[in-house]
Amino acid sequence: MSATGSTSSINHNNVEKTNEFIADDVTSNRSNTVRRMLIQEYRKIGRGAFGTVVQAYITPNKEDWYGPFAIKKVPAQTEYKSRELEILRITNHPNIVKLEYFFTHVSPQDHKVYQHLAMECLPETLQIEISRYAHNKMELALKHVKLYSYQIARGMLYLHALGICHRDIKPSNILVDPNTGVLKICDFGSAKRLEINQPSISYICSRFYRAPELILGCTQYTTQVDIWGLGCVIGEMLLGKAIFQGQEPLLQLREIAKLLGPPDKKFIFFSNPGYDGPLYSKPLFSGTSQSRFEKYFGHAGVEGIDLLMKVLVYEPEIRLSPRRILAHPFFDDLKKEQYFFPRESTQPVHLPPLFDFSEYELQILGEFANKIIPQNEE
Ligand SMILES: Nc1ncnc2c1ncn2[C@@H]1O[C@H](COP(=O)(O)OP(=O)(O)OP(=O)(O)O)[C@@H](O)[C@H]1O
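If you look the chain up in an unreviewed UniProt entry, it shows as Protein kinase domain-containing protein from Naumovozyma castellii.

Looking at the ligand, there are 20 residues lining it, with Ala-49, Lys-72, Glu-120, Ser-172 and Asp-187 nearest. In the environment of the ligand, an oxygen atom lies 3.0 Å from a nitrogen or oxygen atom belonging to the side chain of Asn-173. Between the ligand and Asp-187, the relevant distance is 2.7 Å, taken from an oxygen atom to a side-chain nitrogen or oxygen of the residue. When the ligand is considered free in solution it has 610 Å² of accessible area, and contact with the protein chains removes 88% of it. Listed by contribution, the elements that provide at least two residues to the shell around the ligand are β2 (34-47) and β4 (66-75). Partitioning the shell around the ligand into residue classes produces 9 nonpolar, 6 polar and 5 charged. Each of domain 1 (12-120) and domain 2 (124-377) contributes no fewer than three residues to the shell around the ligand.

Here strand β1 (residues 19-28) runs beside β2; their pairing, made up of 7 bridges, is antiparallel. Opposite Ala-23, over in β2, you have Met-37 as the bridge partner. Hairpin connection from β1 to β2: 5 residues lie between these consecutive antiparallel strands, with Asn-32 at a positive phi of about 70 degrees. Sheet topology note: the β1/strand β5 (residues 99-106) ladder contains 2 bridges and is antiparallel. Directly across from Ser-28, in β5, lies its bridge partner Tyr-101.

A few words now on the sheet that holds strand β7 (residues 124-125). Spatially, the 3 strands line up as an open sheet ordered β7-β9-β10, and their pairing is antiparallel. Edge positions in the sheet fall to β7 and β10 (182-185), since each has one partner strand and no second. Helix α3 (residues 142-161) contacts β9 (174-177) and β10 of the sheet and is inclined by roughly 40 degrees relative to β10.

Pairing of β2 with strand β3 (residues 52-59), which is carried by 8 bridges, proceeds in the antiparallel orientation. When the sheet's bridge partners are listed, Arg-47 is paired in β3 with Thr-52. Counting the residues that bridge the hairpin from β2 to β3 gives 4 residues.

What counts and what doesn't
Residues numbered from 1 in each chain as written. Predicted model: local features only at pLDDT ≥ 70, side-chain atom pairs only at ≥ 80, totals over all residues. Heavy atoms only, no water. Near = heavy atom within 4 Å. Polar contact = N/O pair within 3.5 Å; in protein donor to acceptor, adjacent residues only side chain to side chain. Areas by Shrake-Rupley, 256 points an atom, 1.4 Å probe, with all protein chains shown as cover. Helix = DSSP H or I, 4+ residues; strand = E, 2+ residues; numbered from the N terminus. Nonpolar A, V, L, I, M, F, W, Y, C, P; charged D, E, K, R; others polar. Domains from an automatic or database assignment. Pairing = 2+ DSSP bridges. Contact = heavy atoms within 4.5 Å. Axes fitted to C-alpha atoms, helices over the stretch in contact; angles between N-to-C directions.

Structure below.
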């Protein structure tokens, strides 16, 4: 992992740099100090709708090197309002990607100003991890599914308590280190602090992971839209592919109805009284939705199926909250065992810290803390 904020021990001189420039206003997110620094970029590690992400090291004096960082570059002035910097500056949690430095720089290519966010760098995304297993016709071990799902829920517990809704939960926005089992939520480009009675746009979130109320055009949604995304991500880890693959926006609801059954008319009305799209009110399968969950997610065991059935529900108020998810028996194994086996490894590795809750988290958890923290850690 990265030697962030301190001198890097990694010899990156034998890796070929792709770009180098000086930035005058590099602000440290930890200390708020502003310094002139040299930035050396090594390779592109991501490209998204709004910008590119490169791996880079930075130095104030060419002797002390910091990094590697993942530097996300996004145009500084656009019509689209990104609250990413604002949100990353206030978050501090083991399951949220850490912002280390930020600065602006004019691109020599298009002469536009780009915001640069230098974050801790993790080796992979959950999307790559899932597709690697699927490609080899293998399943992600249930222990890994539990480990990753738990950490996403813990990150959400923290974000949602701050009122922050991520609004784009999907496997490519979840970073993982498969060797240590550590997971961090990234990409706060769509995130927003939701306020009661303040409308927000419903056209957010990538299609396969959109909560039903968003599909219906609800503008008074809550942070529970992220919980739907978490359910989709858990399902995808179990199945090896996205569980609801609608070919167009409104067909997405049909895919959901194929697993959950038809949406209730009341739910549709409360989501958006003006909705005039397809209702999918006829059952699309025979038998119960429980039997559908069992068919698709049988290998998640009784507890896994129970958790998914309580997370993937139409009504956001009934969908489990992050603390109820953390307290679900599906995660009991993580409390009992101390080790896991990373992919293709026969050497057990200590699980990352999962119960080192801060005072703030303990406050949010309230009486649930007793159900979540293993007895021997209290
Ligand atoms: N801290 C990081 N460490 C390692 N890789 C990262 C990091 N941050 C981003 N990436 C990589 O860059 C990709 C794009 O990053 P990000 O999702 O933040 O950009 P985006 O422009 O909002 O993308 P999208 O439009 O796909 O949501 C990620 O999917 C991931 O592969």
